[in-house]
Amino acid sequence: MRRRKGENLLTYFGMVGPGLSVFLFIVAYPIVYSVWLSFTDFNPNRGGAWNLVGLLQYKTMVIDPNFWHSLSNNMIVVAVSVFGQIPIGFVLAYILYRKMVKAQFFFQSMVFLPQFLSTIVIGILWKRLFQADGPIARLIQIVSGDPGAQFDLMLKADTVMYPIGFALIWMYTGFYMVIFLANLQKIDTEMLEAAQIDGATEPQIFVRLILPLLSGTVLVSTILAIAGSLRGFDLIFALTTQGLQRNNAMVLSIFMYQTAFQDFNNPSRFAYGSAISNAIVVISVGLIMMSNRIGKLLNADEEY
Amino acid sequence: MAAKLEARRTALKTLFGKIVSYFVFATWTAITVIPLFWMGYSSFKSNEELVKDIYAFPRALFDNMDDEYVVITKSLNVILNYDPVADPRERLIIESTTIAPTRRLMVHFLVKDELPPEIARLKPGERLKVSQLPASMRRKISWATIWFNYTASFTRGGLAKKFVNSVLYASVATFFIVLFGLMIGFAISKMAFPKLSAIISGLIGLGYLISINSVIIPLFLLLTSIKLTDTHLGVILVYTAFGLPMSVMLSSQFIRGLPDSLIESAYMDGATIFRMFVSIIVPMTTPVIVTVSIMNILGIWNEFLLVLVIASSEFTKSLPVGVFSFSSLQSTQLGWQLAALVIAVLPAMLVYFMFSRRLMTGVVGGAIKG
């Protein structure tokens, strides 16, 4: 690039400076701060006195049953996203792409809508709907004819993730649908027509042509789904009541929040909380690398 | 013959596919629309109605002509809705006996001169019906009754203030996100420092991996140490910083596509960089500005954890946090809770339906190329 008159480092930093300094101060610095915190026993109850304690917080974490409980719930959320939202989103996008329904844009925006409503409001709304004697219970009563029927999935520890999984799929599938649709529309239609003329059936076109062409999009969606599910907080927080129910449905971010901002008796609550946050980042990076790897392996035997 | 049969089979198959497709989308739409619709009309129901029949349409608050009111005295817990100094006319204070009785929420102040004498003479403790009042007052009371859940949640939950806060956060932070995003985007795509630009765009790209949730603890400690917790500035600063990666990425992509000759010609005229930025780059990037703005306005409007953690007083809370704490406190006042939900969700829905096409392209651009 040729340097123009008046274009020097000063004007360059005049352009970049304000945004970059806010970014470095608010985003970059806390990352370093978080790593440092997790290696100390930073004590907010004593005005922030600290010692370096090495891996102590991480050791506490791996023997904490709450950590494993939230991790396994979180893995359910990841599985719901990767094996629920993405395939369903793909199918919905494919239906729209092949113009199998009229009023395409109406349906598309209806599925996409929950994405942009406040997660907290959606959470509170579904919590109401899922109440033991709430609207869904009433629906069950009407359909089954049993006036005493209750919706109790939210109340039991071993079933609480089912309604939550349902709400997650309802909320985020539209996002993947829109991404898949945009990439489907980029596919060269001549190629599809050529395949049809050659006598390929619909399922064949789908499996042999469209799926391989979109493998990159599937991979990106998987990465987004993993990162999103591991940091997700609002929906489950709003869907559950503080106490036993929230603990049953606890995911890592809620575990981190409760540790750092509600467990005031724990002197190293911020240090321990940071260790959990960092673990969330490490786990999501690990899962993303793993899915990248799997994606590459699967793509390796594609023919083109 | 075989070909004909084949054709019929494929026709049947596509028909079947169509039926399944419609079924899937219709069900999905129903699952989206029905809960929102239920939330909308139920927010006009009285508490008793909500408990009694979950699906019935609202009636009690609309059918309010026979509502009974009792005359009360001007005690300390009655909040006047007029200024007694500026307007010293004598008033009859009445409170509903059906809607939140004795809680001083459904109170009206009727000017005695405008009342028929037999009603103006009523003593505290005596009762009257809405239908006995003059038409203009009847209309006013009826209106107040219909919107009771909304006014109650606005005043009781302090939602008006939180609504203003949310608007403030969304607008101010989005303004800076767009401005800084365009400035950095322009500098790294059109100014002559490619190495520095690569470093900066890499650094900001890292922001994609980090969300507010993942650094909330150090953010809280950082803002505490510079005394910015529980201030508007602190919240706006954080939203601005975390909105930058997407804004920078979309702007730099767009500006890179603009012809260099345009910028050159501005130089010929002797404009400075900043002049040129304001008069050429900003007007040319309107599509990016609109996309980035809508996405960030909606994102900030709905954000929850940051404000939950750093806003400790009512003064800085945003609407989602207000609605959340209000709904957990007022779990017995179901109608108020639903009204609060509607207040929080309606603006986002309006923006969504106005800009849904742009939002979809924005999501795709922001997600895939990142």
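Each remark here, short or long, concerns the structure printed above.
Please read these numbers as outputs of a predicted model, since none were measured by experiment.

Each value, and the rule that gives it
- Residues numbered from 1 in each chain as written.
- Chains lettered and ligands numbered in written order.
- Predicted model: local features only at pLDDT ≥ 70, side-chain atom pairs only at ≥ 80, totals over all residues.
- Helix = DSSP H or I, 4+ residues; strand = E, 2+ residues; numbered from the N terminus.
- Rg over C-alpha atoms; globule rule 2.2 N^0.38 Å.
- Buried ≥ 20, exposed ≤ 12 C-beta atoms within 10 Å, placed from the backbone.
- Contact = placed C-beta atoms within 7 Å.
- Nonpolar A, V, L, I, M, F, W, Y, C, P; charged D, E, K, R; others polar.
- Pairing = 2+ DSSP bridges.
- Axes fitted to C-alpha atoms, helices over the stretch in contact; angles between N-to-C directions.
- Parallel < 35°, antiparallel > 145°, perpendicular 65-115°, else oblique.
- Left-handed = near helix turned anticlockwise from the far one by under 90°.

A.B. asks: Is there a simple way to explain the overall build of chain A in this structure?
C.D. replies: Within chain A one finds 14 helices and zero strands. In sequence order, chain A lays out its α and β elements as α-α-α-α-α-α-α-α-α-α-α-α-α-α. Whereas a compact globule of 304 residues would reach a radius of gyration of roughly 19 Å, chain A reaches 24 Å, over 25% beyond that. By principal-axis analysis of the C-alpha atoms, chain A measures approximately 80 × 75 × 40 Å. Going through the 304 residues of chain A one by one, you find that 41% of them count as buried. For chain A, the proportion of contacts with a sequence separation of at least 24, taken over those separated by at least 6, is 68%.

A.B. asks: Would you take a moment to explain the interface of chain B and chain A for this structure?
C.D. replies: Opposite the 71 residues of chain B that make contact, chain A presents 65 residues. Here the element with the most residues in the side of chain B that touches chain A is helix α1 (residues 2-42) of chain B; it accounts for 14 residues. Residues belonging to the side of chain B that touches chain A are distributed by class as follows: 56 nonpolar, 14 polar and one charged.

A.B. asks: What should I look at first to understand the sheet that holds strand β1 (residues 68-71) of chain B in this one?
C.D. replies: Remark on secondary structure: sheet strands pair via backbone hydrogen bonds, oriented parallel or antiparallel. Residues and elements named next belong to chain B. Overall, antiparallel pairing links the four strands, which are arranged β3-β2-β1-β4 in an open sheet. This sheet does not close on itself; its edge strands, each paired only once, are β3 (107-111) and β4 (127-129). Put simply, the sheet's adjacent strands are angled 35 degrees from each other on average, direction ignored. Bridge analysis of β1 against β4 gives three bridges, and the strand direction is antiparallel. Its bridge partner being in β4, Y69 is matched across the sheet by L128.

A.B. asks: What is the right way to look at the pairing of strand β2 (residues 91-96) of chain B in this model?
C.D. replies: Two faces, one strand: in a regular strand the side chains alternate between the faces of the sheet. Relative to β2(B), β1(B) runs antiparallel, the two sharing three bridges. Looking at the pairing, V71(B) lines up with I94(B) of β2(B).

A.B. asks: Just to check I follow, could you spell out the packing of helix α5 (residues 119-129) of chain A against helix α14 (residues 319-329) of chain B for this structure?
C.D. replies: Axis angle and axis distance: for two packed helices, these are the angle between their axes and the distance between the axes, and together they describe the pair. Remark: α5(A) packs on α14(B), axes separated minimally by 9 Å, with the N-to-C direction vectors making an angle of 25 degrees. On the basis of the axis angle, α5(A) is roughly parallel to α14(B). For the pair α5(A) and α14(B), the sense of crossing is left-handed. On α14(B), the residues that touch I120(A), V121(A) and I124(A) of α5(A) are P320(B), V323(B), F324(B) and S327(B). Here the contact of α5(A) with α14(B) is composed, by residue class, of six nonpolar, one polar and no charged.

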